[in-house]
Amino acid sequence: MRWFLVVVVVAVAVGFPGGAAAGWSLTGSGSGAAKAKTLGSGNAPSGSVSGHKVTVTWTASSYTNGGAAAGYLVRRYNASTGVVQTVGSACSGTIAALTCTETGVPAGSWQYTITPATGNWRGPESAKGATVVV
């Protein structure tokens, strides 16, 4: 019965967008050997502009047990409308570093967010960072 409960809790945590990532690991044998862990939210990034390049920088996120997130997803939002935009290739996909530089950013006012990720696990998206103007 305990294993069933762990599986249901993990399935529910992963199944809802914006929910915290959760997982469990075996640390020994016998009852009570499984431990739950969650992936913390992303930290609001900062951005610096040079022409049509925006360098986005953020601090690391970690699991409640202290393990670091393996990577991060970067999103760019239109600061006026709040609509998510497609980020350039250097900032797309899962980024293993704590910075990326998006090139060819169109003129406008933009805000970035960070979502920590490990495999298919996702932590909550960060608050939007300060507005950058290109």
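Keep in mind the model is a prediction, meaning the values are calculated, not measured.

Caption draft 1: Structural context of the confidence of the model for the protein. Of the residues in the protein, 73% have a pLDDT of 70 or more, and the chain-wide mean is 81. This model gives residues 1-28 a pLDDT under 50, and the stretch forms 42 contacts once residues within four places in sequence are excluded.

Caption draft 2: The packing of aromatic side chains, seen in detail. This model, assessed by the stated rule, comprises one aromatic pair. For R76, the ring lying beneath its charged end belongs to W110, and the centroid distance is 4.6 Å. The lysine or arginine in question, K128, covers the ring of Y77, its NZ or CZ lying 4.4 Å from the ring centre.

Caption draft 3: Spotlight on the nonpolar core. In this structure, V54, V56, W58, V74, C100, Y112 and I114 are the most contacted members of the largest nonpolar core, which totals 17 residues. Secondary-structure elements contributing two or more residues to this core are β4 (53-57), β5 (71-78) and β8 (109-118). Here this core gets three residues from one element, more than from any other, and that element is β8. Setting aside chain neighbours within four positions, we find Y112 in contact with P45, V54, V56, V74, R75, R76, E102, V105, A127, K128, G129 and V132.

Parameters at a glance
Residues numbered from 1 in each chain as written. Predicted model: local features only at pLDDT ≥ 70, side-chain atom pairs only at ≥ 80, totals over all residues. Heavy atoms only, no water. pLDDT = per-residue confidence, 0-100. Contact = heavy atoms within 4.5 Å. Phe/Tyr/Trp six-rings, centres within 6.5 Å; stacked < 30°, edge-to-face > 60°. Lys NZ or Arg CZ within 6 Å of the ring centre and 35° of its normal. Core = buried A, V, L, I, M, F, W, Y, C linked by side-chain atoms within 4.5 Å. Buried < 20%, exposed > 50% of the residue type's maximum accessible area, 1.4 Å probe, protein only. Helix = DSSP H or I, 4+ residues; strand = E, 2+ residues; numbered from the N terminus.

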